[in-house]
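Structural features, examined
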Amino acid sequence: MDTDFHCQRLDSAGNRARAHSRPEVSEKLRITRSQAPRIDPIHAEHGAILLAIAEPRCEEAQQLLRTHIETSKAEVRKITLHMLHSARQRPQPVQG
């Protein structure tokens, strides 16, 4: 459902260049989908965005989208840094 949400938003934007980036978007979102604490908030954010679009409350929808994107970017950075730190902590195989 998360992938569908993002792909439909890309398609509805009417921007062919963005529509072609669907696989890339899906791959970038994969990292946040794997984090259980963010799943419910993500769904709530998507619901609020869709409601604002449907009513239409354009300025609110734009702000909700900006906030959602920035929150997701921050979460991806945090997850990535944690993964890098964890990888550095693992014993490295002996070369030789």
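Residues numbered from 1 in each chain as written. Predicted model: local features only at pLDDT ≥ 70, side-chain atom pairs only at ≥ 80, totals over all residues. Heavy atoms only, no water.

1. As for the overall build of the chain
In terms of helices and strands, the chain carries five helices and zero strands. What you see in the chain, going N to C, is helices and strands ordered as α-α-α-α-α. Buried residues in the chain amount to 20% of all 96 residues. Of the contacts made within the chain by residues no fewer than 6 positions apart, 47% connect residues no fewer than 24 positions apart. Of the roughly 7400 Å² that the chain leaves accessible, carbon and sulfur atoms contribute 58%. (Helix = DSSP H or I, 4+ residues; strand = E, 2+ residues; numbered from the N terminus. Buried < 20%, exposed > 50% of the residue type's maximum accessible area, 1.4 Å probe, protein only. Contact = heavy atoms within 4.5 Å. Areas by Shrake-Rupley, 256 points an atom, 1.4 Å probe, with all protein chains shown as cover.)

2. Describing the pattern of salt bridges
Side chains bearing opposite charge may pair, as long as their charged atoms lie close to each other. In the structure shown here, the tally under the stated rule is four salt bridges. The shortest N-O distance in the salt bridge between glutamate 55 and arginine 57 comes to 2.0 Å. The exposure class of glutamate 55 is partly exposed, given its relative accessible area of 45%. The salt bridge partner of arginine 57 is glutamate 60, with a shortest N-O separation of 2.4 Å. (Salt bridge = Lys/Arg side-chain N within 4 Å of Asp/Glu carboxyl O.)

3. So, the confidence of the model for the chain
Chain-level pLDDT for the chain is 78 on average; 65% of the residues reach the 70-or-more range. Averaged pLDDT values for the elements of the chain fall to 60 in helix α2 (residues 16-19) and rise to 88 in helix α5 (residues 58-89). (pLDDT = per-residue confidence, 0-100.)

4. Concerning the side chain of histidine 68
Position of histidine 68 among the secondary structure elements: in helix α5. Only 3.2 Å separates the side chain of histidine 68 from the side chain of histidine 46, close enough to count as a polar contact. (Polar contact = N/O pair within 3.5 Å; in protein donor to acceptor, adjacent residues only side chain to side chain.)

5. A short note on α5
Compared with the 46 Å implied by 1.5 Å per residue over 32 residues, the 46 Å span of α5 between its first and last C-alpha is a close match. Residues of α5 that are buried include every one of Ala61, His68, Ser72, Glu75 and Ile79, and no others. (Expected span 1.5 Å × (residues − 1).)

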